Amino acid sequence: MNAINPSPRVAAPLALLAELTHRCPLQCPYCANPLQLERAAAELDTATWLRVLDEAAELGVLQVHFSGGEPCARKDLLDLVRRAAERGLYSNLITSGVTLDAAGLAALAAAGLDHVQLSFQDAEAASADRIGGYRGGHARKLAVAPLIRDAGLPLTANFVVHRQNLARLPDMLALGEELGASRIEIAHVQYYGWALKNRDALMPTRRQLDEANAAVEAAQARLRGRITVDYVVPDYYAALPKACMGGWAQRLINITPAGLALPCHAAETLAGFAFPSVRSHSLAAIWRDDPGFVRFRGTAWMPEPCRSCDRQEIDWGGCRCQAFAMTGDAAATDPACALSPHHHLMAEAIAESDNAAANLVYRRLRAPEPAA
């Protein structure tokens, strides 16, 4: 195939996030998937995913992250991993691990998989299984971690942290080290999708956050040179916004199970956008010219105070989905910024969560109900 040169207006995306399916044996109440989950019948077929991988390579994408839901629920995962390897794409499998075994991992490695990111809900089995809504899930993860290493694959241990498990953050760091992870990611819940629905039950307290910051800082110093410890902090306590996804439609393109192309995994929540499908549009055309991708790319769209801020090409105005979720205006300055006229909404949300019940609404295809 002939290479496609990206528009001079924007560089090629670094990564493709391929959400292969919304099917998942776990029911995590902080899942980034939308509340309206796609059923298997709506998923892209194998041929379309293979074409998307080809187009990604031609566009200049360097990495593909196979995600979900649980990507191992797709029977064609080996075919997709193999095509990514053939096209020179670095491939990462983001998985709960509960359906993997030695034979499956050996097959994935032989097909060309480069890396596995294994998710954990806690370091304590009872709490992990309760949060994930999957009995015995934590034990399965502990069993599969050494199998990942035995298959010759680098392991990232990913711990999603929040009010209900932060007390055990030191244990999570110790578990990641014990499992032989080359990278440990401590990721505070980001409040989109199911996490936004469960915000009051998941929001950490100020004291929890301060203790977590100290624990991660100490671990980074202790493990430096042996294990990378990455840390994703919650925006609600921030004074400066993060550069969400490296800037809107600048570094990543996300494909949903049904084939919608998005600038980030939560962009479907934005009102007034009709994002295109890879069923009928090429990846290059979407990336270069789709109005939804162009809308918040760069700095021309920015209102004040972003327009006059010397950080405008550092944080790119923050997160559009968070701005919309909290203000109803996707073009507003991210309320995480202390200069935003809506910054007070962050403190108000924290105060509301401090007085809220800790009941969880689990991620399910059927209508969700609070956990007992």
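This text follows the structure it describes.
In this text, all values refer to a predicted model and were calculated from it rather than measured experimentally.

1. Things to note about the sheet that holds strand E3 (residues 90–95)
Point 1. Reading across from one edge, E7-E6-E5-E4-E3-E2-E1-E8-E9 is the order of the 9 strands in this open sheet, with mixed pairing throughout. The sheet is open, and its two borders are formed by strand E7 (228–232) and strand E9 (261–262), each paired with just one other strand.
Point 2. The sheet contact formed by strand E6 (residues 183–188) and E7 spans 5 bridges and is parallel. Bridging across to E7, Ala187 finds its partner in Val232.
Point 3. Docked against the sheet, helix H6 (residues 169–178) engages strand E4 (115–120), strand E5 (155–161), E6 and E7, running at close to 170° with respect to E5.

2. Remarks on the environment of Leu173
Point 1. Considering the arrangement of structural elements, one finds Leu173 in helix H6.
Point 2. Placed 106 residues apart in sequence, Leu173 and Ser67 show a C-alpha to C-alpha distance of 23 Å.
Point 3. With residues near it in sequence (within four places) discarded, Leu173 still touches Ile184, Ile186, Ala215, Ala219 and Val229.

3. What about the environment of Arg311?
Point 1. Within the fold, Arg311 resides in the loop between helix H11 (291–294) and helix H12 (312–315).
Point 2. For the pair Arg311 and Pro241, spaced 70 residues apart in the sequence, the C-alpha separation amounts to 9.8 Å.
Point 3. The contacts of Arg311, once residues within four sequence positions are left out, are Leu240, Pro241 and Trp316.

4. Observations regarding the pattern of salt bridges
Point 1. Going through the model one piece at a time under the given rule, you end up with 17 salt bridges.
Point 2. We note a salt bridge from Asp54 to Arg83, for which the minimum N-O separation is 2.9 Å. Pair noted here: Asp54 is in helix H1 (residues 46–59) and Arg83 is in helix H2 (residues 77–86), with a separation of 29 residues, a long-range link.
Point 3. Of the residues examined, Asp54 reaches a relative accessible area of 8% and is grouped as buried.
Point 4. Linking Asp210 and Arg206 is a salt bridge whose minimum nitrogen-to-oxygen distance equals 3.0 Å. Pair noted here: Asp210 and Arg206 are both in helix H9 (residues 206–223), with a separation of 4 residues, about one helical turn.
Point 5. Exposure remark for Asp210: the relative accessible area of 39% places this residue in the partly exposed category.
Point 6. Here Arg206 falls in the partly exposed class, since its relative accessible area comes to 41%.

5. Some details on the layout of surface pockets
Point 1. Of the voids in this model, the largest pocket is the one considered here, and its volume is about 1,700 Å³.
Point 2. Along the wall of the largest pocket there are 48 residues; nearest its centre are Ile94, Gln117, Asn158, Glu185 and His265.
Point 3. Within the lining of the largest pocket, the residues separate by chemical class into 21 nonpolar, 19 polar and 8 charged.

6. What about the packing of H1 against H2?
Point 1. Their axes nearest at 9 Å, the elements H1 and H2 cross at an angle of 20°. Between H1 and H2, the crossing angle belongs to the class labelled roughly parallel. Between H1 and H2 lies a crossing of right-handed hand. Between H1 and H2, the residues in contact are Thr46, Trp49, Leu50, Leu53 and Asp54 and Asp79, Leu80, Arg83 and Ala84, respectively.

7. Description of the packing of H2 against helix H3 (residues 102–111)
Point 1. Two elements in contact, H2 and H3, have axes whose closest approach is 8 Å; the angle formed by their N-to-C orientations is 25°. Viewed along their axes, H2 and H3 adopt a mutual orientation that is roughly parallel. Here Leu77, Leu78, Val81, Arg82 and Ala85 of H2 come into contact with H3, specifically with Ala107, Leu108 and Ala111.
Point 2. Classifying every residue of the contact of H2 with H3 gives 7 nonpolar, no polar and 1 charged.

8. Focus: empty space enclosed by the protein
Point 1. Following the criterion strictly, the structure yields 3 cavities of 30 Å³ or more and no others.
Point 2. Within this model, the largest cavity holds a volume of roughly 70 Å³.
Point 3. Lining the largest cavity, in full, are Cys244, Met245, Gly247, Trp248, Cys264, Trp316, Gly318, Cys319, Arg320 and Cys321.
Point 4. Its residues assigned to classes, the lining of the largest cavity shows 7 nonpolar, 2 polar and 1 charged.
Point 5. In this structure, the second largest cavity occupies an estimated 40 Å³ of space.
Point 6. Around the second largest cavity, the lining residues are Ala32, Pro34, Gly193, His265, Ala266, Glu268 and Thr269.
Point 7. Each residue belonging to the lining of the second largest cavity can be placed in one class, and the counts come to 3 nonpolar, 3 polar and 1 charged.

9. Notes on the nonpolar core
Point 1. In this structure, Leu16, Phe66, Leu169, Ile253 and Ile255 are the most contacted members of the largest nonpolar core, which totals 79 residues.
Point 2. When residues of this core are assigned to their parent elements, the largest contribution, 7 residues, is made by H1.
Point 3. In this structure, Ala195, Leu209, Tyr237 and Ala349 belong to the second largest nonpolar core, which totals 23 residues.

10. Considering unusual backbone geometry
Point 1. Between Gly68 and Gly69 the backbone carries a cis peptide bond, its omega angle lying at 10°.
Point 2. Take Gly69: it is sitting in the loop between strand E2 (63–67) and H2.
Point 3. Along the chain, Glu304 connects to Pro305 via a cis peptide bond; the corresponding omega equals 10°.
Point 4. If you trace the backbone, Pro305 turns up in the loop between H11 and H12.
Point 5. At Met245, a position not held by glycine, the phi torsion is positive, near 55°.

About the criteria used
- Residues numbered from 1 in each chain as written.
- Predicted model: local features only at pLDDT ≥ 70, side-chain atom pairs only at ≥ 80, totals over all residues.
- Heavy atoms only, no water.
- Pairing = 2+ DSSP bridges.
- Helix = DSSP H or I, 4+ residues; strand = E, 2+ residues; numbered from the N terminus.
- Contact = heavy atoms within 4.5 Å.
- Axes fitted to C-alpha atoms, helices over the stretch in contact; angles between N-to-C directions.
- Salt bridge = Lys/Arg side-chain N within 4 Å of Asp/Glu carboxyl O.
- Buried < 20%, exposed > 50% of the residue type's maximum accessible area, 1.4 Å probe, protein only.
- 1 Å grid on protein atoms, 1.4 Å probe; cavity = no way out; pocket = protein on both sides within 12 Å on 5 of 7 lines; lining within 4 Å.
- Points joined across faces, edges and corners; volume = space filled by probe spheres on them.
- Nonpolar A, V, L, I, M, F, W, Y, C, P; charged D, E, K, R; others polar.
- Parallel < 35°, antiparallel > 145°, perpendicular 65-115°, else oblique.
- Left-handed = near helix turned anticlockwise from the far one by under 90°.
- Core = buried A, V, L, I, M, F, W, Y, C linked by side-chain atoms within 4.5 Å.

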